[in-house]
Amino acid sequence: MARIRLDRIRHAYTPELAARGSFALRGVDHTFDDGGAYALLGPSGCGKTTLLNIMSGLVTPSEGRVLFDDADVTHRSTEARNIAQVFQFPVIYDTMTVAENLAFPLRNRGVSAAEIKRHVPEMLERLGLVAEANRKARGLTADQKQKISLGRGLIRSDVSAILFDEPLTVIDPHMKWILRSQLKELHREFRTTMIYVTHDQTEALTFAEKVMVMYDGEVVQIGTPEELFERPRHTFVGYFIGSPGMNVLPCRIEGDEADLGAGRIRLPSPPASRPQGKLELGIRPEFVRVVPSGSPGAVPVTIDKVEDIGSERIVRARIGGEKLAAVVAEDAALPADAAVLFEPGALNLYADSWLVGGRT
Ligand SMILES: Nc1ncnc2c1ncn2[C@@H]1O[C@H](COP(=O)(O)OP(=O)(O)OP(=O)(O)O)[C@@H](O)[C@H]1O
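Being a predicted model, the structure only gives us computed values, none of them experimental. What you see as residue numbers is a count from 1 along each chain, following the sequence as written. A pLDDT threshold of at least 70 governs which residues receive local features in this predicted model, and a stricter bar of 80 or more applies before side-chain atom pairs are shown or counted, although totals over entire chains, interfaces and linings include all residues. Side-chain descriptors were evaluated using all non-hydrogen atoms of the structure, hydrogens and water having been removed beforehand.

Turning our attention to the environment of Asp-94. Starting at the N terminus, helices and strands are each numbered in turn, a helix being any DSSP run of H or I of at least four residues and a strand any DSSP run of E of at least two. For Asp-94, the location among the structural elements is in the loop between strand E6 (83–86) and helix H4 (98–108). Asp-94 gets classed as partly exposed once you look at its relative accessible area, which sits at 32%. Along the primary structure Asp-94 and Thr-302 are separated by 208 residues, whereas in three dimensions their C-alpha atoms are 59 Å apart. Throughout, a residue-residue contact means that at least one pair of heavy atoms, one from each residue, lies within 4.5 Å. Sequence-distant contacts of Asp-94, defined by excluding residues within four places in its chain, comprise Lys-136, Ala-137, Arg-138 and Lys-145. Type-normalised accessible area, obtained with a 1.4 Å probe on protein chains alone, sets the label of each residue: buried when under 20%, exposed when over 50%, and partly exposed for intermediate values.

Take the sheet that holds strand E20 (residues 322–329) next. Read across the open sheet, the three strands follow the order E18-E19-E20; overall the sheet is antiparallel. Across the chains shown, the open sheet's two edge strands, defined by having one partner strand only, are strand E18 (302–308) and E20. Mean inter-strand twist for the sheet, computed between neighbouring axes without regard to direction, equals 25°. Relative to E20, strand E19 (residues 312–319) runs antiparallel, the two being bridged by eight bridges. Within E20, the residue paired with Arg-313 across the bridge is Val-328. Pairing between strands is defined by DSSP: at least two bridges between the two strands are required. The axes are straight lines fitted to the C-alpha atoms, using for helices just the contacting stretch, and the angles between their N-to-C directions are given from 0 to 180°.

Here we come to the UniProt feature "domain: ABC transporter" (unreviewed entry) in the chain. When the UniProt feature table is mapped onto this chain numbering, "domain: ABC transporter" (unreviewed entry) sits at residues 4–241. For residues 4–241, the end-to-end C-alpha separation is 26 Å, with 39% helix and 23% strand making up the annotated structure. UniProt positions are given in the numbering used here, feature names are shortened, and annotations may be inferred rather than shown by experiment.

Before going further, it helps to spend a moment on helix H7 (residues 173–190). To estimate how far a helix should reach, multiply one less than its number of residues by 1.5 Å. Its 18 residues give H7 an end-to-end C-alpha distance of 26 Å, which sits within 8% of 26 Å, the value for a rise of 1.5 Å per residue. The complete set of buried residues in H7 reads Met-175, Leu-179, Arg-180, Leu-183, Leu-186 and His-187. Along the axis of H7, the buried residues cluster in a sector spanning 140°; they form a single face. Along H7, exposed side chains directed more than 90 degrees from the buried face belong to His-174, Trp-177 and Arg-188. Note: the arc covers the axis-to-C-beta directions of the helix.

Any residue with at least one heavy atom within 4 Å of a molecule or strand is counted as near it. Every residue lining the ligand is accounted for by Tyr-13, Ala-24, Pro-43, Ser-44, Gly-45, Cys-46, Gly-47, Lys-48, Thr-49 and Thr-50. Within the side chain of Ser-44, an N or O atom sits 2.6 Å from an oxygen atom of the ligand. Contact distances for the ligand include 2.5 Å between an oxygen atom and a side-chain N or O atom of Thr-50. Notes on the ligand: free accessible area 630 Å², of which the protein chains cover 54%. In the scheme used here, Gly and all other residues not listed as nonpolar or charged are polar, with Ala, Val, Leu, Ile, Met, Phe, Trp, Tyr, Cys and Pro taken as nonpolar and Asp, Glu, Lys and Arg as charged. When its residues are assigned to classes, the shell around the ligand shows four nonpolar, five polar and one charged. Polar contacts, as counted here, are pairs of nitrogen or oxygen atoms within 3.5 Å of one another; within protein the pair requires one atom able to donate a hydrogen and one able to accept it, and residues that are adjacent in sequence qualify only if both atoms are side-chain atoms. Accessible surface area values rest on a Shrake-Rupley calculation with a 1.4 Å probe, where residue burial reflects the displayed protein chains alone.

In structure tokens, the structure reads:
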């Protein structure tokens, strides 16, 4: 296993794109700790696969270095880096049995027959594939095949890291959560460094200890699921994580208040110096309370619709000209003339999309 360091990585796919300043990655500097479980989360085209391929050696970055522990591997092949990969579509040998598929990477590395005989049954047991050991891989379901792809990485004691690129795309929805929790268990047991690319926040937040949120070629925040939810450092994180995403409302700062146009909100910790740029107030729908108009400190809203999502309801409203969502209890009474109060501790102030005081 290895600690993976990305040292000031930038990447443009062609010299022409670089000359135009069109970079798929615009500066990534990060260390993945040995044995960690990470997710790279972001929308299509933000650079997740490019970053993963730079780690695996499929792409050489235009600028910067990749270090495994202290060794510079920037120009080493995937094979020389000892990386295992799990792709969207399982890569296994259909004509081999499940046991032979697991033995294959060991045989390739010259592991003795006795060792193989010991390790393969252990891995079959851990993957829950004992009953399928002697079946040809061809007839298996997609989730079973994906488990074999994973097992082929886990079985190698020399593996530096396992990289996953949207591994649950072809898995049936009802099997997805089973595989996700199994993967988490296997990570706990083996502590192999795992880096998991996805555009699905549920997958990222349930699998990873640390999630890196990417946007437009940059890592905009790295944090635990709680940190990303409670203190999004960039408005994109607030919008992308959570359902519905964070409300982002244009504002002006007047002393210790934020002026939303439709009303003023007192800030619990006003910025020390006057923030510059486009200012916005962020508040998650879970921390917006719908109250009768005229309640002290409340800002009037117009309710457009109410969506029932089972145990709760989502109120879709407008505050001045801006859209606002609030999550309310299923049995909460909604006043005809409504206003909103914001939980003070959940307010975040953004200047040019970055949390004020949040960018390092
Ligand atoms: N081989 C390539 N040549 C030129 N541009 C590329 C190439 N591969 C990716 N890109 C561009 O680089 C940017 C990042 O792409 P990348 O595939 O890394 O994003 P992603 O976040 O993994 O998206 P997706 O989830 O759709 O795969 C995009 O603008 C994409 O069009």
